[in-house]
Amino acid sequence: MNKLEDQQTRTRANQMAEALQDWLQSKESPLQEAVDRTLAEGLFSRSDLQYQLSAFHETAKEQDLIRWVRKNAIRTPINPKTILAVHAGNLPLVSFQDILAIFLSGHQYVGKLSSSDPYLPLSLLEVLKKHLKNQEVHDPPKLCVPDQITSDQITSNLITSDHGTSDHRTSDQRPSAFFATTHWADLYQLAADAMIFSGSADTVDQIQGMLKEYSIVRKSAPILCRTTHFSIVYFDPGSSIHGTLAYSPYTDLAEAICRYNGNGCRSVGIVVSPVGLEQLSCELTDHLELCLMKCGYGGEARDRAGIERVQTQEQALRYRYAYHKVRNRTQVFCGPVLITEMENPTVQESELPSVAGEVIWVRGDMDTLMALVHTHRADIQSVYINEASTQSLPDGSESEPLNRAQKPPLDWKPDGIDPLHWIAEFAG
Amino acid sequence: MTPDVSTLFDASVPYAERAMQVFEHVKKNLPVYRTFAASFPDPAGDPHQIPLIPVRAFQDFDLIADGIHPETVFQSSGTTAGLKSRHPVADLSLARTAVITEFQRHFSLDNCTILCYAPGYADNPQSSLLWMMEQLIHQTAQHGSRFLPLGEPLHREEWSHLNAQGRQIILFGAAFGLLDLAELAPFAMPSNTVIIETGGMKTYRREVRREELHQTLSDVFRLDASQIWSEYGMCEMTSQCYAPGIPSSLATGDQPIQGFSSPHWVQVTIRDPQNPMRICEEGEEGKIGIMDLANVHSCPFFLTEDKGVSLETVDGEVIRFQVLGRWKRSQLRGCNFLIDTD
């Protein structure tokens, strides 16, 4: 249902679109410094950063923001709520959609940043702050300094949208709607009205203590928790939406598997194909290698932490490779990617991919795919098909084209829920 | 290289030396393990670098050295997926030595009566737990050791009688069985009685935490909490690890944690579940890795699906560890490991 947004929302969307353009393209944008620091600290490869930023550029234009707002009938709230977004750090700016959803909705954003990716969100917040400066700010959250944490500790840990400077906050001062920090302690007594994060039910338990101890979130606050682990694809090498010699369907598959070293829930973890892995292994290996080269794997100077991360992933996969070899399974092992064909199309829970870059290959047809989706729905983020048309899935959702695996539209639904819709529902 | 079995239980021979000898033997004689180990660098004399095969191998293969016929095959009670582990045991006398030697490190067989309560095992005569209990009972049969009849309450008089003879009573049982006994006949046991629970916290009625179980047993049988021990073993392991109870006097706000220690021929390590070749730091949760040299003719080097944490480490060796239940697959992959909790 499309409804016209109110004037304030429209203005906000326009300002945000300008902000995004400014952030991505302006020479004065703090983004460049954020990228430099991210690269200097080896948090992500240059290729992955460029890829993600180009995806934002493609998918977050003014018309995309307006369409998203209208789809969810967003109206400016009379009493804005404080929404805490807890960022993961597995991909560059993985919480991009959440940040935009909170600001678009007209509510107050507070961010718990990941130490694996602090600079990119801060640079975005800085630009948003500049462009949304005329926006009325309603009752921002009041934080208090707990007795056991000195204000020195807080200020030295605090990261604000004033990039690179400390915000000397006292208990009487209030952070703005652009408040973001890498430390839970800085969120003491935030009492957020809602929280969005990606993790697992176990993670909720893990952080529950902190939320309670520091009164970070209200007791009754709704929490949007995303728990899926990987995505699945039906891959028929004979079917391609491109169909040119220069571009084979393997290119999309390799990208969906290799990008970000297979981290992230949109990365493919299960391939269902009418063709066995052995038959395709040569061509697939070539495309994986090409894609990994394109992703900067192995060819880029990264810091020790970055190298260690990749080495750890390779070792984790080697362990799995060793046991699959004992089971005499067909495998393709290519750096940070391991693809293994299973004997049985009904994959057991214990056989599901559990490490980034681990991919299970299952020989089967569309019915096999549907059965796997039905059985493992709680683990599966997206269902891709390498065809132009989409398919209806057993749970009423739809498949997505494989070539959009790592470039989702702004209004995609992580775990089946559009965050903007969720905010509109809970906050009115 | 055939390992000298007599040195397996010889603590004067450094563990690394014994482990490497067994590693070479297993690599040579167990093709499944040889194929697995071939994907890793040579351990070069360091037992920590010996690759641990997933415990699932005991379901997928018959893990016994080439040319050896098992005297028996232990079998697990099965998993939710209906798969059972099989552990072929080539030398029961060696297994018996492992069971008795470690038990004697903690208790004196000369002076104890062992009572075992094992409901739920009637449909699994191949249970390694039942066999272990049988061995201990056999050693002390002259003291009245036996399996307790199922569904019957404990008799206070028997306890008093044995106590009057100066015997220490050791009551062995799975968690749910012990809870049943507690309900059937609560009474004050002699203070030197030891109860050893062997796990099985998920009962047919409810799931109970180990601390809760110990407290219940301590309350019902009026025993100091130090008398409630735990045993850690499994079908795939020939040996057992024991954890003494925590004295009630220490059970205050900062309650010390009950920790298991392993026999000197078993090395327990806590492994990174994502990359099991990495050993976790003290205090870091991971999967429990086992190197049980008494498995010399099957597979001594394997990675369990149990979650554990090292409580005390000296020179890289785990001295005490805690068992935290089963590792959940949902704890892997995705964003959950990437949210800072600092």
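Here the structure is a predicted model, which is why all the values come from computation and not from measurement. (Residues numbered from 1 in each chain as written. Chains lettered and ligands numbered in written order. Predicted model: local features only at pLDDT ≥ 70, side-chain atom pairs only at ≥ 80, totals over all residues.)

**Quick word on the overall build of chain A**
Turning to step 1, where the next piece is worked out: A tally of helices and strands in chain A yields 13 helices and twelve strands.
Turning to step 2, where the next piece is worked out: Buried residues in chain A amount to 48% of all 428 residues.
Turning to step 3, where the next piece is worked out: Of the contacts formed within chain A by residues at least 6 apart in sequence, a portion of 77% connects residues at least 24 apart. (Helix = DSSP H or I, 4+ residues; strand = E, 2+ residues; numbered from the N terminus. Buried ≥ 20, exposed ≤ 12 C-beta atoms within 10 Å, placed from the backbone. Contact = placed C-beta atoms within 7 Å.)

**Things to note about the domain arrangement of chain B**
Residues and elements named next belong to chain B.
Turning to step 1, where the next piece is worked out: In terms of domains, chain B is made up of domain 1 (5-69 + 259-325) and domain 2 (93-250).
Turning to step 2, where the next piece is worked out: Taken over C-alpha atoms, the centre of domain 1 sits 27 Å from the centre of domain 2.
Turning to step 3, where the next piece is worked out: Elements with a minimum of two residues in the side of domain 1 that touches domain 2: strand 10 (266-271) and strand 11 (286-292).
Turning to step 4, where the next piece is worked out: Here the residues of the side of domain 1 that touches domain 2 sort into 13 nonpolar, four polar and one charged. (Domains from an automatic or database assignment. Nonpolar A, V, L, I, M, F, W, Y, C, P; charged D, E, K, R; others polar.)

**Here's the deal with the nonpolar core**
Turning to step 1, where the next piece is worked out: Of all hydrophobic cores here, the largest spans 86 residues; its most connected members are B:Ile53, B:Ile195, B:Cys299 and B:Phe302.
Turning to step 2, where the next piece is worked out: When residues are assigned to domains, this core turns out to be shared by domain 1 (5-69 + 259-325) and domain 2 (93-250) of chain B, each giving three or more.
Turning to step 3, where the next piece is worked out: Residue contacts for B:Phe302: discarding those within four places in its chain leaves B:Leu52, B:Ile53, B:Val55, B:Ala57, B:Glu236 and B:Ile290.
Turning to step 4, where the next piece is worked out: Residues A:Leu20, A:Leu43, A:Val69 and A:Ala88 belong to the second largest nonpolar core, which totals 65 residues. (Core = buried A, V, L, I, M, F, W, Y, C linked by C-beta atoms within 7 Å.)

**Description of the sheet that holds strand 2 (residues 108-112) of chain A**
Residues and elements named next belong to chain A.
Turning to step 1, where the next piece is worked out: If you trace the five strands from one edge of the open sheet to the other, you get 3-2-1-4-5, paired in parallel fashion. Pairing within the sheet leaves two strands with one partner each, and these edge strands are strand 3 (178-181) and strand 5 (223-226). Strand-to-strand twist of the sheet, defined as the mean angle between neighbouring strand axes without regard to direction, takes the value 15°.
Turning to step 2, where the next piece is worked out: Note: strand 4 (residues 194-198) against strand 5, four bridges, orientation parallel. Looking at strand 5, one finds that phenylalanine 197 is bridged to cysteine 225. (Pairing = 2+ DSSP bridges. Axes fitted to C-alpha atoms, helices over the stretch in contact; angles between N-to-C directions.)

**A closer look at the packing of helix 5 (residues 96-105) of chain A against helix 13 (residues 419-427) of chain A**
Residue and element names in this part refer to chain A.
Turning to step 1, where the next piece is worked out: Across the interface, helix 5 lies against helix 13 with an axial gap of 9 Å and an inter-helix angle of 40°. By the angle between their directions, the pair helix 5 and helix 13 is classed as oblique. When you trace helix 5 past helix 13, the crossing you get is right-handed. Across from Gln97, Asp98, Ala101, Ile102, Leu104 and Ser105 in helix 5, the residues of helix 13 making contact are Pro419, Leu420, Ile423 and Ala424.
Turning to step 2, where the next piece is worked out: Here the residues of the contact of helix 5 with helix 13 are counted per class, giving seven nonpolar, two polar and one charged. (Parallel < 35°, antiparallel > 145°, perpendicular 65-115°, else oblique. Left-handed = near helix turned anticlockwise from the far one by under 90°.)

**Observations concerning the sheet that holds strand 6 (residues 168-173) of chain B**
Residue and element names in this part refer to chain B.
Turning to step 1, where the next piece is worked out: If you walk across this open sheet you meet the six strands as 5-4-6-7-8-9, and the pairing is mixed. Every interior strand has two partners, whereas the edge strands, strand 5 (146-147) and strand 9 (241-243), have only one.
Turning to step 2, where the next piece is worked out: By the bridge criterion, six bridges tie strand 4 (residues 112-117) to strand 6 in an arrangement that is parallel. Paired with leucine 115 across the bridge in strand 6 is leucine 171.
Turning to step 3, where the next piece is worked out: Along the sheet, helix 6 (residues 128-139) makes contact with strand 4, strand 5 and strand 6, crossing strand 4 at roughly 150°.

**As for the pairing of strand 11 (residues 380-385) of chain A**
Residue and element names in this part refer to chain A.
Turning to step 1, where the next piece is worked out: With six of six residues buried, strand 11 is to be regarded as a mostly interior element.
Turning to step 2, where the next piece is worked out: Across four bridges, the pairing between strand 6 (residues 230-234) and strand 11 is parallel. Considered in strand 11, the bridge of tyrosine 234 is made with isoleucine 385.
Turning to step 3, where the next piece is worked out: Note: strand 11 against strand 12 (residues 400-401), two bridges, orientation parallel. Across the sheet, residue isoleucine 385 finds its bridge partner in strand 12, namely proline 401.

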